[in-house]
Amino acid sequence: MTTQHEGSSPRPSSLADLFWSFTMLALQGFGGVLAIVQRELVEKKRWLTPEEFMEDWAVAQILPGPNVVNLSLMIGDRYFGWRGGLVALAGMLTFPLLIVLALAALFAGVSDSPGVQGALRGMGAVTAGLIGGTGLRLISSLEKNVMGVLVCWVLAAITFTAIAWLRVPLGWVLLGAGTLACGWAYRQLGKVQDGVIEE
């Protein structure tokens, strides 16, 4: 996992900054959190480069639990140690938890309404668009990936085919394609260290 050097790029100024930044991020993340997280942490705050974001997001995805919660813990820990991890986690969960509890109480009375069900289906379509758009924006960071652009595209195609068309459970896809990707990346990193491949 890539770590930033002190002073080389913007960083949270304090634990309070970390808490409120993740609180605001969480309050925007209705469904399509990937798009929000990428925009806030990479484009606006610049706490991560696109390449660092791809690496950290990949790790966050394979760990148990919600991706964005895992990412918040990793970033908080990177800048302020375990206290930062806990503060970032609190920022991600405190206000959204209160909102979800309130919405759950309200939704219980109207969940059977066709209008509400239609609105939820519409939000699902918007979320899919947000995730797809963010994925397209992050494609350029694959050019610096040690595995090579072609291998990245092949792995992406295998993953998409397995999940979207063949309906293979995510765990099996991660185990299969993830193992292939890790093995190939390890091999390529060895070549880079030996000077066979130039970065």
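See above for the structure.
These lines cover the structure that appears in this document, whether it is placed above or below.

So, how was this worked out
Residues numbered from 1 in each chain as written. Predicted model: local features only at pLDDT ≥ 70, side-chain atom pairs only at ≥ 80, totals over all residues. Heavy atoms only, no water. Helix = DSSP H or I, 4+ residues; strand = E, 2+ residues; numbered from the N terminus. Buried < 20%, exposed > 50% of the residue type's maximum accessible area, 1.4 Å probe, protein only. Contact = heavy atoms within 4.5 Å. Areas by Shrake-Rupley, 256 points an atom, 1.4 Å probe, with all protein chains shown as cover. Axes fitted to C-alpha atoms, helices over the stretch in contact; angles between N-to-C directions. Parallel < 35°, antiparallel > 145°, perpendicular 65-115°, else oblique. Nonpolar A, V, L, I, M, F, W, Y, C, P; charged D, E, K, R; others polar. Expected span 1.5 Å × (residues − 1). Core = buried A, V, L, I, M, F, W, Y, C linked by side-chain atoms within 4.5 Å. Patch = residues over 30% accessible without salt bridge, like charges linked within 9 Å, V, L, I, M, F, W, Y side chains within 5 Å. Salt bridge = Lys/Arg side-chain N within 4 Å of Asp/Glu carboxyl O.

### Some details on the overall build of the protein
Alright, step 1. Check the secondary structure of the protein and you find seven helices and zero strands.
Alright, step 2. The secondary structure elements of the protein, listed N-terminal to C-terminal, are α-α-α-α-α-α-α.
Alright, step 3. Expressed as a percentage of its 199 residues, the buried residues of the protein come to 29%.
Alright, step 4. Put simply, of all contacts in the protein between residues at least 6 apart along the chain, 60% involve residues at least 24 apart.
Alright, step 5. Put simply, the protein shows about 12,300 Å² of open surface, and 69% of that area lies on carbon and sulfur atoms.

### Some remarks on the side chain of Thr23
Alright, step 1. The residue Thr23 is located in helix H1 (residues 15-28) in this model.
Alright, step 2. We classify Thr23 as buried; its relative accessible area is 1%.
Alright, step 3. In this structure Thr23 touches Gly91 and Phe95, once residues within four positions along its chain are discounted.

### Remarks on the packing of helix H2 (residues 33-44) against helix H4 (residues 67-107)
Alright, step 1. One can describe the packing of H2 onto H4 by two numbers: an axis separation of 11 Å at closest approach and a directional angle of 20°. Relative to H4, the element H2 is oriented roughly parallel. In contact with Val33, Val37 and Leu41 of H2, H4 contributes Val68, Leu71 and Ile75.
Alright, step 2. Its residues placed into classes, the contact of H2 with H4 shows six nonpolar, no polar and no charged.

### Thoughts on the packing of helix H6 (residues 149-165) against helix H7 (residues 170-193)
Each pair of packed helices can be summarised by the angle the axes make with each other and by the distance between the axes.
Alright, step 1. The N-to-C vectors of H6 and H7 enclose an angle of 170°; their axes lie 10 Å apart at closest approach. Judged on the interaxial angle alone, H7 and H6 are roughly antiparallel. Here Val151, Leu155, Thr159, Ala162 and Ile163 of H6 come into contact with H7, specifically with Leu170, Val173, Ala177, Leu180, Ala181 and Trp184.
Alright, step 2. Its residues placed into classes, the contact of H6 with H7 shows ten nonpolar, one polar and no charged.

### Here we look at H1
Alright, step 1. The end-to-end C-alpha distance of H1, which contains 14 residues, comes to 20 Å, matching closely the 20 Å that a straight helix rising 1.5 Å per residue would cover.
Alright, step 2. Those residues of H1 lying buried are Leu18, Phe19, Ser21, Phe22, Thr23, Leu25 and Ala26.
Alright, step 3. Check the buried side of H1 and you find it contacts H2 and H4.

### As for the nonpolar core
Alright, step 1. Phe22, Leu25, Val37, Leu41, Phe53, Leu71 and Ile75 are the most contacted members of the largest nonpolar core, which has 26 residues in total.
Alright, step 2. Secondary-structure elements contributing two or more residues to this core are H1, H2, helix H3 (50-62) and H4.
Alright, step 3. Once residues lying within four places of it in the same chain are set aside, the contact partners of Phe53 are Leu34, Val37, Gln38, Val42, Leu48, Leu71 and Leu138.
Alright, step 4. Residues Met147, Cys152, Ala181 and Ala185 belong to the second largest nonpolar core, which totals six residues.

### Focus: a nonpolar patch on the surface
Alright, step 1. Together, Ile62, Leu63, Ile163, Leu170 and Leu174 make up a nonpolar patch on the protein surface, roughly 440 Å² of accessible area in all.
Alright, step 2. With respect to the element layout, Leu174 can be found in helix H7.
Alright, step 3. A residue is classified by how much of its surface remains accessible, and Leu174, at 37% relative accessible area, is partly exposed.

### Details of the pattern of salt bridges
Alright, step 1. Per the counting criterion, the structure on display carries three salt bridges.
Alright, step 2. Here Glu40 ties to Arg39 by a salt bridge, and the two come within 3.6 Å at their closest N and O atoms.
Alright, step 3. Residue classification places Glu40 among the buried positions, given a relative accessible area of 10%.
Alright, step 4. Classification of Arg39 as partly exposed rests on a relative accessible area of 28%.

Spatial relationships are all this shows, so hold off on functional conclusions.
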